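# Coordinates in review
Residues per chain, in single letters:
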Amino acid sequence: MAKLTVLILFLSMIAPKRVFAEYEQWCIADPQSSDDELQAALNWAGGSGGADCSKIQVNQPCYYPNTLKDHASYAFNSYFQKFKHRGGSCFFKGVAITTEADPSMF
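Residues numbered from 1 in each chain as written. Predicted model: local features only at pLDDT ≥ 70, side-chain atom pairs only at ≥ 80, totals over all residues. Heavy atoms only, no water.

## Quick look at the environment of Lys-84
- Among the secondary structure elements, Lys-84 is positioned in the loop between α3 (68-83) and β2 (96-99).
- For Lys-84, a relative accessible area of 25% translates into the label partly exposed.
- Reaching out from Lys-84, the side chain makes a polar contact with the side chain of Gln-81 at a distance of 3.0 Å. (Helix = DSSP H or I, 4+ residues; strand = E, 2+ residues; numbered from the N terminus. Buried < 20%, exposed > 50% of the residue type's maximum accessible area, 1.4 Å probe, protein only. Polar contact = N/O pair within 3.5 Å; in protein donor to acceptor, adjacent residues only side chain to side chain.)

So, in structure tokens, the structure goes:
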């Protein structure tokens, strides 16, 4: 019995531990939002919000598709990824939603 206890104790020390990670989430523009609402939220995110919008500028890799919805989604997600662990949210006055489907795949 003592040998079995020692074996179990030993195996519990060397057995790989399972790590449960969060599901990946992205923050995207809500398709039901108006252009005026999206533009206001995009202006905030790319301005005082601190999102990095450099890649959605003309001649940059994420400029296309050149739509308000796509640029807003990029800015919202930039903000969300940067600040979600410090209290940042994906709300943007109700014009954004979270998704677990990678938006770059669509």
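## Regarding the layout of surface pockets
- Considered as a void within the structure, the largest pocket measures approximately 480 Å³ in volume.
- Considering the residues around the largest pocket, the lining is formed by 19 residues, among which Asp-70, Ser-73, Tyr-74, Pro-103 and Ser-104 are closest to the centre.
- For the lining of the largest pocket, the secondary structure elements donating two or more residues are β1 (26-29) and α3.
- The element that contributes the greatest number of residues to the lining of the largest pocket is α3, accounting for 6 residues.
- Broken down by class, the residue content of the lining of the largest pocket amounts to 12 nonpolar, 4 polar and 3 charged.
- Together, Glu-37, Ala-40, Ala-41, Trp-44, Tyr-79, Ser-89, Phe-91, Phe-92, Lys-93 and Val-95 line the second largest pocket.
- Tallying contributions element by element places helix α2 (residues 35-46) first for the lining of the second largest pocket, with 4 residues.
- Residue composition of the lining of the second largest pocket, by class: 7 nonpolar, 1 polar and 2 charged. (1 Å grid on protein atoms, 1.4 Å probe; cavity = no way out; pocket = protein on both sides within 12 Å on 5 of 7 lines; lining within 4 Å. Points joined across faces, edges and corners; volume = space filled by probe spheres on them. Nonpolar A, V, L, I, M, F, W, Y, C, P; charged D, E, K, R; others polar.)

## Quick look at the nonpolar core
- Membership of the largest hydrophobic core comes to 19 residues, with the highest contact counts inside it found for Cys-27, Phe-76 and Phe-92.
- Breaking this core down by element, the ones donating at least two residues are β1, α2 and α3.
- For this core, the leading source of residues is α3, giving 6 residues.
- Dropping the residues within four chain positions of it, Phe-92 is found in contact with Cys-27, Ala-41, Trp-44, Ala-45, Phe-76 and Tyr-79. (Core = buried A, V, L, I, M, F, W, Y, C linked by side-chain atoms within 4.5 Å. Contact = heavy atoms within 4.5 Å.)

## Remarks on the environment of Leu-68
- Inspection of the secondary structure puts Leu-68 in helix α3.
- It is 9.8 Å that separates the C-alpha atoms of Leu-68 and Asp-36, two residues lying 32 residues apart in sequence.
- Leave out the neighbours within four places in its chain, and Leu-68 touches Asp-35, Leu-38, Gln-39 and Leu-42.

## Thoughts on the confidence of the model for the protein
- Mean pLDDT over the protein works out to 87, with 79% of the residues at or above the 70 mark.
- Per-residue pLDDT stays below 50 along residues 15-21; that stretch engages in 1 contact with residues further than four places along the chain or on separate chains. (pLDDT = per-residue confidence, 0-100.)

## A word on the packing of aromatic side chains
- For the structure on display, the rule yields 6 aromatic pairs.
- With a centroid separation of 4.9 Å and an interplanar angle of 80°, the aromatic rings of Tyr-63 and Tyr-64 are classed as edge-to-face.
- Taken together, a centroid distance of 4.3 Å and an interplanar angle of 20° make the contact between Phe-76 and Phe-92 stacked. In this pair, Phe-76 is assigned in helix α3 and Phe-92 in the loop between α3 and β2, connecting sequence segments 16 residues apart.
- With a relative accessible area of 0%, Phe-76 lands in the buried category.
- Take Phe-92: its relative accessible area is 10%, and that puts it in the buried class.
- Among the aromatic residues, those joined into a ring-pair cluster are Trp-44, Phe-76, Tyr-79, Phe-83 and Phe-92. (Phe/Tyr/Trp six-rings, centres within 6.5 Å; stacked < 30°, edge-to-face > 60°.)

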